[in-house]
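Here is what each chain is made of, one letter per residue.
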Amino acid sequence: MKTFYLTDAGRVRTHNEDSVTILKNKSNEYLLMVADGMGGHRKGEVASSIAITHLGKRFTDIASIGTKLDAVNWLNDNVNEINRSILDYTKEHEDSVGMGSTLVVAILTSDFLIFGNIGDSSGYVLKNGKLHKVTKDHTLVNLLVQAGNLTEEQAKYHPKKNVLMRALGATEKAELDIFDVDVKNEGIMLCSDGLTSLISDEQIEKVLTEKDSSIEAKVQKLIQKCNARGGNDNVSVAFLEKEKGDNK
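Parameters at a glance
Residues numbered from 1 in each chain as written. Predicted model: local features only at pLDDT ≥ 70, side-chain atom pairs only at ≥ 80, totals over all residues. Heavy atoms only, no water. Core = buried A, V, L, I, M, F, W, Y, C linked by side-chain atoms within 4.5 Å. Buried < 20%, exposed > 50% of the residue type's maximum accessible area, 1.4 Å probe, protein only. Helix = DSSP H or I, 4+ residues; strand = E, 2+ residues; numbered from the N terminus. Axes fitted to C-alpha atoms, helices over the stretch in contact; angles between N-to-C directions. Left-handed = near helix turned anticlockwise from the far one by under 90°. Contact = heavy atoms within 4.5 Å. Nonpolar A, V, L, I, M, F, W, Y, C, P; charged D, E, K, R; others polar. Phe/Tyr/Trp six-rings, centres within 6.5 Å; stacked < 30°, edge-to-face > 60°. Salt bridge = Lys/Arg side-chain N within 4 Å of Asp/Glu carboxyl O.

Quick notes on the nonpolar core
Next up, step 1: The biggest cluster of nonpolar side chains holds 27 residues, and the ones touching the most others in it are L55, W74, L75, L103, I107 and L168.
Next up, step 2: Those elements giving two or more residues to this core turn out to be strand 3 (30-38), helix 1 (44-61), helix 2 (68-92), strand 5 (103-108) and strand 6 (113-118).
Next up, step 3: With 8 residues, helix 2 is the single largest residue contributor to this core.

Focus: the packing of helix 1 against helix 2
Next up, step 1: Closest axis-to-axis distance for the helix 1/helix 2 pair is 10 Å, and the angle between their directions is 145°. As for the relative orientation of helix 1 and helix 2, their crossing is right-handed in sense. In contact with V46, A47, I50, A51, H54, L55, R58 and F59 of helix 1, helix 2 contributes W74, L75, N78, E81, I82, S85, I86 and Y89.
Next up, step 2: Classifying every residue of the contact of helix 1 with helix 2 by side-chain character gives 11 nonpolar, 3 polar and 2 charged.

Some points on the packing of aromatic side chains
Next up, step 1: Scanning the model with the defined rule gives 1 aromatic pair in all.
Next up, step 2: A centroid spacing of 6.2 Å and a plane angle of 65° characterise the contact between F59 and W74, whose relative ring orientation is edge-to-face. Of this pair, F59 sits in helix 1 while W74 sits in helix 2, and the two are 15 residues apart along the sequence.
Next up, step 3: Classification of F59 as buried rests on a relative accessible area of 0%.

With respect to the packing of helix 6 (residues 201-208) against helix 7 (residues 215-228)
Next up, step 1: Contact geometry for helix 6 and helix 7: axes closest at 9 Å, N-to-C directions at 145°. Of the two possible hands of crossing, helix 6 and helix 7 adopt the one that is right-handed. Facing helix 6, whose interface residues are I204, V207 and L208, helix 7 presents K218, K221, L222 and K225.
Next up, step 2: In terms of residue class, the contact of helix 6 with helix 7 is made up of 4 nonpolar, no polar and 3 charged.

Regarding the pattern of salt bridges
Next up, step 1: Applying the stated rule across the entire model yields 13 salt bridges.
Next up, step 2: Note that R84 and D88 form a salt bridge whose closest N and O atoms lie 3.6 Å from each other. Residue R84 and its partner D88 are located together in helix 2, separated by 4 residues, close to a single helical turn.
Next up, step 3: What makes R84 partly exposed here is its relative accessible area of 30%.

Quick word on the side chain of S122
Next up, step 1: Here S122 shows up in strand 7 (residues 122-127).
Next up, step 2: Contacts of S122, omitting those with residues within four sequence positions, involve V104, K133, T135, D137, M189, L190, C191 and T196.

Remarks on the environment of L208
Next up, step 1: Inspection of the secondary structure assignment puts L208 in helix 6.
Next up, step 2: For L208, a relative accessible area of 2% puts it in the buried group.
Next up, step 3: When sequence neighbours within four positions are dropped, the list of residues in contact with L208 reads L126, L131, M189, K218, L222, F239 and E241.

What follows is the structure, given as structure tokens:
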């Protein structure tokens, strides 16, 4: 396995509210995470950091994530702990009211691959050279698309396309969507919406499947493309690329 992750503030914002990491535990199981914080007075970065730090510590503290059901329960339990931590922080810090974060995670073992998400950060798999989106955005426009009130094309340019219907720190209980994915694939990519709002899935696929590029060069190229198109948001990418023999 090869892994690489990178985050960038972009060309417009003065600070970065994203958090991203990839971890491997003692059982060679992988945890990929991207969180996109929101809130005034730079508190978005606090929320995303709480999410990534909490999950990361819990993951490295255990020898193995266990079965698929164990992993799902572990994710749900920890996400609700994170949600409570963010809510507690806002109660103790008046300037952090409205603070929250998206979260997208992937857990890969030799036996299974699961994704979890809340908000509009995205999770993908590469399979047979094609990029497939796994997660579903918890946004107002996506809800309208699913209801048949908007087309996909209209959603791209809708003035309220960034309005979230779910986020960590928004309600007393966090609702995480879980996706069970075939472990046989060539790669896993997570990203904040700073990437997907400026680059299409087809363009992302083209970069990630470049034959002679290193994993580092691919991730860097995606972020460079965003900045070349205005860089109006923070952008984070976490990418796991399988080598020959890794596809079990």
